[in-house]
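Residue-level structure breakdown
Chain residues, written in single-letter form:
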Amino acid sequence: APDGTRIAYATSGEGPPILYVLGFWTHLENGQSSPFYDTDGLIAMSSREHLFVRYDGRGSGLSDRGVVDFSLQARVSDIEAVVEALDLDQFALFAVSGGGPAAIDFVAKHPERVSRLVLAGCIAKPGWDDVARDAFLKQLDLYEVAWDRPEVSNMHAELLLRPHATEVSRSFLGEMLRRAADGEDVKSFLSSSIELDVEKQASQIRVPTLVIHAVDDAIVPIAMGRRLASLIPQASFEVVEGGHLASSASTPATRKLALDFLSAERQTK
(Lines give C-alpha, C1' and ligand atoms only; values in the text may rest on other atoms or scores of the structure.)
Protein backbone atom coordinates (compact mmCIF):
# COMPACT_ATOMS: atom_id res chain seq x y z
CA ALA A 1 0.00 0.00 0.00
CA PRO A 2 1.17 3.63 -0.41
CA ASP A 3 2.16 3.86 3.27
CA GLY A 4 4.40 0.79 2.92
CA THR A 5 1.99 -1.68 4.54
CA ARG A 6 2.27 -5.05 2.81
CA ILE A 7 -1.09 -6.57 1.85
CA ALA A 8 -1.35 -10.32 1.25
CA TYR A 9 -3.78 -11.50 -1.43
CA ALA A 10 -4.75 -14.73 -3.21
CA THR A 11 -6.64 -15.65 -6.37
CA SER A 12 -8.47 -18.69 -7.68
CA GLY A 13 -10.46 -19.52 -10.80
CA GLU A 14 -10.75 -17.76 -14.15
CA GLY A 15 -13.25 -15.37 -15.68
CA PRO A 16 -14.68 -11.94 -14.85
CA PRO A 17 -13.02 -10.83 -11.59
CA ILE A 18 -14.76 -10.61 -8.23
CA LEU A 19 -12.85 -8.77 -5.48
CA TYR A 20 -13.92 -9.96 -2.02
CA VAL A 21 -13.61 -7.28 0.67
CA LEU A 22 -13.91 -8.46 4.27
CA GLY A 23 -11.17 -6.18 5.47
CA PHE A 24 -10.25 -7.79 8.80
CA TRP A 25 -10.12 -11.06 10.74
CA THR A 26 -9.05 -12.99 7.69
CA HIS A 27 -6.13 -15.34 7.20
CA LEU A 28 -5.37 -16.56 3.69
CA GLU A 29 -3.61 -19.70 4.96
CA ASN A 30 -5.28 -20.55 8.26
CA GLY A 31 -8.68 -19.03 7.61
CA GLN A 32 -10.04 -21.08 4.75
CA SER A 33 -12.35 -22.97 7.09
CA SER A 34 -13.58 -19.78 8.76
CA PRO A 35 -17.33 -19.15 8.48
CA PHE A 36 -16.43 -15.98 6.56
CA TYR A 37 -14.45 -17.91 3.99
CA ASP A 38 -15.02 -21.50 3.05
CA THR A 39 -17.05 -23.56 5.51
CA ASP A 40 -19.73 -23.97 2.86
CA GLY A 41 -17.58 -23.50 -0.22
CA LEU A 42 -17.31 -19.74 -0.80
CA ILE A 43 -13.98 -20.05 -2.62
CA ALA A 44 -15.16 -23.00 -4.71
CA MET A 45 -18.51 -21.37 -5.51
CA SER A 46 -16.94 -18.04 -6.43
CA SER A 47 -14.17 -19.54 -8.54
CA ARG A 48 -16.29 -21.66 -10.88
CA GLU A 49 -16.91 -18.88 -13.38
CA HIS A 50 -14.84 -16.02 -11.98
CA LEU A 51 -11.36 -14.95 -11.01
CA PHE A 52 -11.98 -14.71 -7.26
CA VAL A 53 -9.65 -12.30 -5.45
CA ARG A 54 -9.41 -12.10 -1.66
CA TYR A 55 -6.95 -10.38 0.63
CA ASP A 56 -6.02 -9.97 4.29
CA GLY A 57 -6.75 -6.44 5.44
CA ARG A 58 -3.98 -4.46 7.10
CA GLY A 59 -3.29 -5.74 10.60
CA SER A 60 -4.81 -9.15 9.82
CA GLY A 61 -3.73 -12.56 8.60
CA LEU A 62 -0.62 -12.57 6.42
CA SER A 63 -0.68 -8.80 5.87
CA ASP A 64 1.49 -6.55 8.03
CA ARG A 65 0.43 -6.33 11.67
CA GLY A 66 1.12 -3.66 14.26
CA VAL A 67 -0.40 -1.09 11.90
CA VAL A 68 -0.99 2.45 13.09
CA ASP A 69 -3.36 3.71 10.40
CA PHE A 70 -6.76 2.04 10.06
CA SER A 71 -8.46 5.11 8.60
CA LEU A 72 -10.93 4.91 5.73
CA GLN A 73 -8.33 6.11 3.24
CA ALA A 74 -5.85 3.50 4.46
CA ARG A 75 -8.43 0.74 3.99
CA VAL A 76 -9.30 2.00 0.51
CA SER A 77 -5.60 2.10 -0.36
CA ASP A 78 -5.43 -1.62 0.46
CA ILE A 79 -8.08 -2.30 -2.20
CA GLU A 80 -6.25 -0.06 -4.66
CA ALA A 81 -2.95 -1.85 -3.97
CA VAL A 82 -4.47 -5.28 -4.71
CA VAL A 83 -6.20 -3.98 -7.86
CA GLU A 84 -2.94 -2.46 -9.06
CA ALA A 85 -0.91 -5.60 -8.27
CA LEU A 86 -3.29 -7.71 -10.37
CA ASP A 87 -3.73 -5.05 -13.06
CA LEU A 88 -7.52 -5.34 -12.87
CA ASP A 89 -9.41 -3.10 -15.27
CA GLN A 90 -13.03 -3.68 -14.28
CA PHE A 91 -14.41 -6.07 -11.68
CA ALA A 92 -17.30 -6.78 -9.32
CA LEU A 93 -16.97 -5.93 -5.62
CA PHE A 94 -18.32 -8.31 -2.99
CA ALA A 95 -18.02 -6.52 0.38
CA VAL A 96 -19.12 -7.99 3.68
CA SER A 97 -19.30 -6.73 7.27
CA GLY A 98 -16.37 -4.41 8.10
CA GLY A 99 -15.31 -4.25 4.46
CA GLY A 100 -18.36 -2.20 3.52
CA PRO A 101 -17.16 1.38 4.15
CA ALA A 102 -13.93 0.91 2.19
CA ALA A 103 -15.81 -0.69 -0.71
CA ILE A 104 -18.37 2.12 -0.76
CA ASP A 105 -15.68 4.79 -0.80
CA PHE A 106 -13.73 2.93 -3.51
CA VAL A 107 -16.79 2.74 -5.79
CA ALA A 108 -17.52 6.43 -5.27
CA LYS A 109 -13.94 7.28 -6.26
CA HIS A 110 -13.60 4.75 -9.09
CA PRO A 111 -17.09 4.15 -10.54
CA GLU A 112 -15.70 3.15 -13.91
CA ARG A 113 -13.78 0.24 -12.37
CA VAL A 114 -16.73 -1.53 -10.71
CA SER A 115 -19.36 -3.43 -12.70
CA ARG A 116 -21.55 -4.61 -9.81
CA LEU A 117 -21.54 -4.25 -6.04
CA VAL A 118 -22.81 -6.44 -3.21
CA LEU A 119 -22.87 -5.03 0.32
CA ALA A 120 -23.68 -7.78 2.82
CA GLY A 121 -24.06 -7.03 6.52
CA CYS A 122 -22.56 -3.56 6.00
CA ILE A 123 -23.27 -0.05 7.28
CA ALA A 124 -22.55 3.45 6.02
CA LYS A 125 -22.40 5.05 9.47
CA PRO A 126 -22.61 3.67 13.03
CA GLY A 127 -25.75 4.70 14.86
CA TRP A 128 -24.80 4.19 18.49
CA ASP A 129 -25.77 6.51 21.31
CA ASP A 130 -23.17 7.74 23.83
CA VAL A 131 -23.90 4.98 26.35
CA ALA A 132 -23.47 2.18 23.80
CA ARG A 133 -20.38 3.84 22.39
CA ASP A 134 -18.70 4.13 25.81
CA ALA A 135 -19.52 0.50 26.61
CA PHE A 136 -18.02 -0.62 23.30
CA LEU A 137 -14.82 1.34 23.88
CA LYS A 138 -14.40 -0.31 27.30
CA GLN A 139 -14.88 -3.69 25.63
CA LEU A 140 -12.11 -2.80 23.18
CA ASP A 141 -9.74 -2.13 26.09
CA LEU A 142 -10.33 -5.73 27.13
CA TYR A 143 -9.73 -6.96 23.58
CA GLU A 144 -6.43 -5.08 23.47
CA VAL A 145 -4.92 -6.74 26.54
CA ALA A 146 -6.63 -10.15 26.50
CA TRP A 147 -7.59 -11.00 22.92
CA ASP A 148 -5.39 -14.12 23.03
CA ARG A 149 -7.49 -15.56 25.87
CA PRO A 150 -10.25 -17.84 24.54
CA GLU A 151 -12.89 -16.50 26.91
CA VAL A 152 -12.38 -13.02 25.40
CA SER A 153 -12.14 -13.75 21.67
CA ASN A 154 -14.86 -16.39 21.98
CA MET A 155 -17.12 -13.67 23.36
CA HIS A 156 -16.84 -11.82 20.06
CA ALA A 157 -17.28 -15.08 18.16
CA GLU A 158 -20.57 -15.52 19.99
CA LEU A 159 -21.85 -12.23 18.56
CA LEU A 160 -20.83 -13.21 15.04
CA LEU A 161 -22.54 -16.59 15.30
CA ARG A 162 -25.83 -15.61 16.93
CA PRO A 163 -28.54 -16.90 16.90
CA HIS A 164 -27.05 -20.28 16.00
CA ALA A 165 -23.89 -20.32 18.14
CA THR A 166 -22.87 -23.62 19.72
CA GLU A 167 -19.98 -24.33 22.06
CA VAL A 168 -18.10 -26.02 19.22
CA SER A 169 -18.70 -23.30 16.62
CA ARG A 170 -17.88 -20.56 19.14
CA SER A 171 -14.58 -22.22 20.10
CA PHE A 172 -13.70 -22.89 16.47
CA LEU A 173 -14.33 -19.32 15.32
CA GLY A 174 -12.67 -17.90 18.44
CA GLU A 175 -9.47 -19.75 17.57
CA MET A 176 -9.67 -18.42 14.02
CA LEU A 177 -10.06 -14.86 15.34
CA ARG A 178 -7.01 -15.24 17.58
CA ARG A 179 -4.91 -16.47 14.67
CA ALA A 180 -6.14 -13.73 12.38
CA ALA A 181 -5.22 -10.69 14.48
CA ASP A 182 -3.51 -9.40 17.62
CA GLY A 183 -5.29 -7.52 20.39
CA GLU A 184 -3.77 -4.13 19.62
CA ASP A 185 -4.80 -4.33 15.96
CA VAL A 186 -8.28 -5.54 16.89
CA LYS A 187 -8.79 -2.50 19.11
CA SER A 188 -7.33 -0.10 16.53
CA PHE A 189 -9.48 -1.46 13.71
CA LEU A 190 -12.73 -1.47 15.66
CA SER A 191 -12.16 1.89 17.37
CA SER A 192 -11.50 3.54 14.01
CA SER A 193 -14.60 1.84 12.57
CA ILE A 194 -16.95 3.74 14.86
CA GLU A 195 -15.67 6.99 13.35
CA LEU A 196 -16.36 6.05 9.72
CA ASP A 197 -19.11 7.82 7.79
CA VAL A 198 -19.59 7.03 4.08
CA GLU A 199 -23.21 8.10 3.71
CA LYS A 200 -22.26 10.84 1.23
CA GLN A 201 -20.21 8.38 -0.83
CA ALA A 202 -23.07 5.86 -0.80
CA SER A 203 -25.43 8.42 -2.31
CA GLN A 204 -22.98 8.84 -5.21
CA ILE A 205 -22.98 5.18 -6.24
CA ARG A 206 -24.56 4.49 -9.62
CA VAL A 207 -23.45 0.91 -10.32
CA PRO A 208 -25.99 -1.94 -9.89
CA THR A 209 -25.99 -2.68 -6.16
CA LEU A 210 -27.46 -5.38 -3.93
CA VAL A 211 -27.67 -4.84 -0.16
CA ILE A 212 -28.20 -7.99 1.91
CA HIS A 213 -29.13 -7.96 5.59
CA ALA A 214 -30.42 -10.51 8.09
CA VAL A 215 -33.24 -9.92 10.53
CA ASP A 216 -31.36 -11.18 13.61
CA ASP A 217 -27.95 -9.62 13.01
CA ALA A 218 -26.47 -8.98 16.49
CA ILE A 219 -23.50 -7.02 15.12
CA VAL A 220 -25.24 -4.70 12.67
CA PRO A 221 -28.98 -4.11 13.32
CA ILE A 222 -31.14 -4.49 10.26
CA ALA A 223 -32.21 -0.83 10.50
CA MET A 224 -28.65 0.11 9.50
CA GLY A 225 -28.88 -2.15 6.46
CA ARG A 226 -32.15 -0.52 5.43
CA ARG A 227 -30.56 2.89 5.88
CA LEU A 228 -27.62 1.92 3.67
CA ALA A 229 -29.90 0.61 0.92
CA SER A 230 -31.98 3.79 1.01
CA LEU A 231 -28.89 5.92 0.39
CA ILE A 232 -27.82 4.14 -2.81
CA PRO A 233 -29.98 5.10 -5.80
CA GLN A 234 -31.93 2.11 -7.15
CA ALA A 235 -30.16 -0.38 -4.89
CA SER A 236 -31.92 -3.73 -4.37
CA PHE A 237 -32.48 -4.77 -0.75
CA GLU A 238 -32.80 -8.41 0.28
CA VAL A 239 -33.83 -9.39 3.81
CA VAL A 240 -32.69 -12.88 4.83
CA GLU A 241 -33.20 -15.05 7.88
CA GLY A 242 -30.39 -15.54 10.39
CA GLY A 243 -27.71 -13.56 12.20
CA HIS A 244 -24.51 -11.82 11.12
CA LEU A 245 -23.18 -14.80 9.16
CA ALA A 246 -26.28 -14.81 6.97
CA SER A 247 -26.25 -11.01 6.87
CA SER A 248 -22.68 -11.02 5.59
CA ALA A 249 -23.42 -13.63 2.90
CA SER A 250 -21.54 -16.35 4.79
CA THR A 251 -24.16 -19.10 4.50
CA PRO A 252 -24.81 -21.18 1.37
CA ALA A 253 -28.14 -19.48 0.60
CA THR A 254 -26.92 -15.92 1.02
CA ARG A 255 -23.67 -16.60 -0.82
CA LYS A 256 -25.69 -17.90 -3.77
CA LEU A 257 -27.87 -14.78 -3.61
CA ALA A 258 -24.78 -12.56 -3.79
CA LEU A 259 -23.02 -14.56 -6.51
CA ASP A 260 -26.15 -14.78 -8.68
CA PHE A 261 -26.39 -10.99 -8.57
CA LEU A 262 -22.70 -10.51 -9.37
CA SER A 263 -22.99 -12.92 -12.31
CA ALA A 264 -26.21 -11.45 -13.69
CA GLU A 265 -24.49 -9.03 -16.07
CA ARG A 266 -22.47 -11.84 -17.63
CA GLN A 267 -25.55 -14.02 -18.03
CA THR A 268 -27.46 -11.33 -19.95
CA LYS A 269 -24.68 -10.73 -22.49
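Look up: the structure comes first, before these words.
What comes next is a walk through the structure. Here the structure is a predicted model, which is why all the values come from computation and not from measurement.

Let us now look at the pattern of salt bridges. Here the structure, examined in full by the defined rule, presents 15 salt bridges. One salt bridge connects R58 with D3, and the closest N-O pair in it is separated by 2.9 Å. Of this pair, R58 sits in the loop between β3 (51–55) and α2 (72–86) while D3 sits in the segment before β1 (9–12), and the two are 55 residues apart along the sequence. Taking relative accessible area as the criterion, R58 reaches 1% and is therefore assigned buried. Notably, a salt bridge pairs K109 with D105, separated by 3.0 Å at the nearest N-O pair. Highlighted residues: K109 and D105, both in helix α3 (residues 100–109), separated by four residues, approximately one helical turn. Residue classification places D105 among the buried residues on the basis of a relative accessible area of 4%.

Moving on, we get to the side chain of T209. In this fold, T209 is placed in strand β6 (residues 209–214). A relative accessible area of 2% means that T209 is categorised as buried. Other than its neighbours up to four places away in sequence, T209 contacts L117, L119, I232, A235, S236 and F261.

The rules behind these values
Residues numbered from 1 in each chain as written. Predicted model: local features only at pLDDT ≥ 70, side-chain atom pairs only at ≥ 80, totals over all residues. Heavy atoms only, no water. Salt bridge = Lys/Arg side-chain N within 4 Å of Asp/Glu carboxyl O. Helix = DSSP H or I, 4+ residues; strand = E, 2+ residues; numbered from the N terminus. Buried < 20%, exposed > 50% of the residue type's maximum accessible area, 1.4 Å probe, protein only. Contact = heavy atoms within 4.5 Å.

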